[in-house]
Amino acid sequence: VGKLGRLAESHVCAGINQQLKVCLWFRDHYIDEGQYSEPKASPELYESFADLPRCLVVVAECDPLVDDGLQYADKLQEAGVPTTVSVVKGALHGFFHLQGAYPEAGQFAMQEIKDWLSQF
């Protein structure tokens, strides 16, 4: 939820404005406006990220939430949390559960997850 919307003006991806409208619709039906700035709605707003486990952050390049995901990863790294970031090029919000429509993006992300998990 975070700062949803700033990407639409700063990033050029086909369909980004329509995605933004859909994301805003879901946000508005999921939580009340007064909750937008609560950390439970936008984890990047937590004050401390210390002592969290290592993390893999996978973001879609053409997602209205990509900046939020990358900022969250930055905050984890700044707190000393081992964090791996993977940007799925050309992918839209929701690509992972739409693998029939975006098979290459889904396969790429799945491989990134498998590779990350194989460390343990």
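Structural notes, computed from the coordinates. Because the structure is predicted, anything quoted here is derived from the model rather than measured.

Of note, Ser42 is situated in the loop between α2 (16-30) and β1 (55-62). For Ser42, a relative accessible area of 4% translates into the label buried. C-alpha separation for the pair Ser42 and Gly69, spaced 27 residues apart in sequence, amounts to 9.9 Å.

As a further point, take the packing of aromatic side chains. Under the criterion given, the structure shown has 4 aromatic pairs. With a centroid separation of 5.0 Å and 85° between ring planes, the pair formed by Trp25 and Phe26 is classed as edge-to-face.

For the rest of this paragraph, the subject is the side chain of Asp63. Structurally, the position occupied by Asp63 is in the loop between β1 and α3 (66-78). By relative accessible area, which is 9% here, Asp63 ends up buried. In terms of polar contacts, Asp63 uses its side chain to reach the backbone amide nitrogen of Leu65, at 2.8 Å.

Next up on the list: helix α4 (residues 103-117). The terminal C-alpha atoms of α4, which comprises 15 residues, lie 21 Å apart, in line with the 21 Å expected from a rise of 1.5 Å per residue. Every buried residue of α4 is accounted for by Ala105, Gly106, Ala109 and Trp116. Looking down the long axis of α4, one finds its buried residues gathered within 100° of arc, a one-sided arrangement. Turned more than 90 degrees away from the buried face of α4, the exposed residues are Glu104 and Gln107. On its buried side, α4 packs onto β1 and β2 (83-92).

Cut-offs used in this document
Residues numbered from 1 in each chain as written. Predicted model: local features only at pLDDT ≥ 70, side-chain atom pairs only at ≥ 80, totals over all residues. Heavy atoms only, no water. Helix = DSSP H or I, 4+ residues; strand = E, 2+ residues; numbered from the N terminus. Buried < 20%, exposed > 50% of the residue type's maximum accessible area, 1.4 Å probe, protein only. Phe/Tyr/Trp six-rings, centres within 6.5 Å; stacked < 30°, edge-to-face > 60°. Polar contact = N/O pair within 3.5 Å; in protein donor to acceptor, adjacent residues only side chain to side chain. Expected span 1.5 Å × (residues − 1). Arc of directions from axis to C-beta. Contact = heavy atoms within 4.5 Å.

As far as function goes, none of this settles anything; it's purely spatial.
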